[in-house]
Amino acid sequence: MKKTAGAFAVLLSAGLLLAGCAEKSSTESAEKKIHYIKTSVMYDTLLDIYQNKDDYLGETLHMVGTLYPSKDDNDEIFYSIYAEPQSGGDGIGLELDWSDFSEFEDYDKIMVEGTLDQTTVQDQGRHREILILRVTTIEKRD
């Protein structure tokens, strides 16, 4: 009888330990990971985001870059966070979804954080999918 009670206690302890580990794992997976993108690799990271968008969709991104204005087909201004390659040449941007850019000037250096999403826009009379950063925080940097 003592052997049975001892074995039961060991199994019960192991079960509680495993339950505690499982609870921790589900909590950790529920938390969003923030990808802090260093300025020195931002251009390469933005290229990777466009080439492997499924790896990034739904993820929270944090980066510092240039607030870059552009116009759509209707001459409406939209803004992107923009980076240039360290070797020079044309840069790349990621469109920002934010309600009010009035406190910023074109080409300001900004810090932006948000969730990467995909949306459909009309471009030259056709619908196309674009990546967009749903901004939660934006700040001007010096």
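One can find the structure itself at the top, above this paragraph.
Residues numbered from 1 in each chain as written. Predicted model: local features only at pLDDT ≥ 70, side-chain atom pairs only at ≥ 80, totals over all residues. Heavy atoms only, no water.

1. Remarks on the packing of aromatic side chains
Quick reminder of the rule: In this scheme Phe, Tyr and Trp rings, the latter by its six-membered ring, pair at centre separations within 6.5 Å, and the angle between planes marks the pair as stacked below 30 degrees, edge-to-face above 60, and tilted otherwise. For helices the rule is a DSSP run of H or I covering at least 4 residues; for strands it is a run of E covering at least 2, with both sets numbered from the N terminus onward. When a residue's accessible area, from a 1.4 Å probe over protein chains only, is under 20% of the maximum for its type it is buried; when over 50% it is exposed; and in between it is partly exposed.
Applying the stated criterion across every chain yields a total of three aromatic pairs. Arranged with centres 4.5 Å apart and planes meeting at 20°, the rings of Tyr68 and Tyr82 form a pair that is stacked. Of the two residues, Tyr68 sits in strand E2 (residues 60–71) while Tyr82 sits in strand E3 (residues 77–83), which places them 14 residues apart along the sequence. Exposure remark for Tyr68: the relative accessible area of 29% places this residue in the partly exposed category. When its relative accessible area of 16% is taken as the criterion, Tyr82 is described as buried. Their ring planes at 80° and their centres at 5.7 Å tell us that Tyr68 and Tyr107 sit as a pair that is edge-to-face. Here the residue Tyr68 occupies a position in strand E2, and Tyr107 occupies one in the loop between strand E4 (92–97) and strand E5 (109–123), the gap between them amounting to 39 residues. According to the relative accessible area criterion, Tyr107 is exposed, its value standing at 51%. Among the aromatic side chains, those forming a connected cluster through ring pairs are Tyr68, Tyr82 and Tyr107.

2. A closer look at the nonpolar core
Put simply, the test is: In plain words, nonpolar cores are sets of buried Ala, Val, Leu, Ile, Met, Phe, Trp, Tyr and Cys residues tied together by side-chain atoms within 4.5 Å. Whether two residues are in contact is decided by their heavy atoms: any pair within 4.5 Å suffices.
Leu61, Met63, Leu94, Leu96 and Val112 are the most contacted members of the largest nonpolar core, which totals 24 residues. Going through the elements one at a time, helix H2 (42–51), E2, E3, E4, E5 and strand E6 (126–141) are the ones with two or more residues in this core. The residues touching Leu61, leaving out its near neighbours within four places in the chain, are His35, Ile37, Ile49, Tyr56, Leu94, Val112, Glu113, Gly114, Leu116 and Leu133.

3. Quick look at unusual backbone geometry
In the Ramachandran plot, Asp75 falls in the positive-phi region, its phi being about 60° despite a non-glycine side chain. By the secondary structure assignment, Asp75 is in the loop between E2 and E3. Among the residues examined, Asp75 registers a relative accessible area of 57% and is labelled exposed. Positive phi is not limited to glycine here, since Tyr107 has a value of about 75°.

4. Details of the pattern of salt bridges
So the rule is basically this: When a carboxyl oxygen of Asp or Glu is within 4 Å of a side-chain nitrogen of Lys or Arg, the pair counts as a salt bridge.
One pass over the structure, following the stated rule, counts three salt bridges. Residues Asp108 and Lys140 are paired through a salt bridge, measuring 3.8 Å at the closest nitrogen-oxygen approach. Note that Asp108 is positioned in the loop between E4 and E5 and Lys140 in strand E6, a separation of 32 residues in sequence. The exposure class of Asp108 is buried, given its relative accessible area of 10%. Residue Arg134 pairs with Asp117 through a salt bridge whose shortest N-O separation is 3.1 Å. Pair noted here: Arg134 is in strand E6 and Asp117 is in strand E5, with a separation of 17 residues, a long-range link. What makes Arg134 partly exposed here is its relative accessible area of 27%. In this structure, a network of salt bridges that share partners links the residues Asp97, Asp117 and Arg134.

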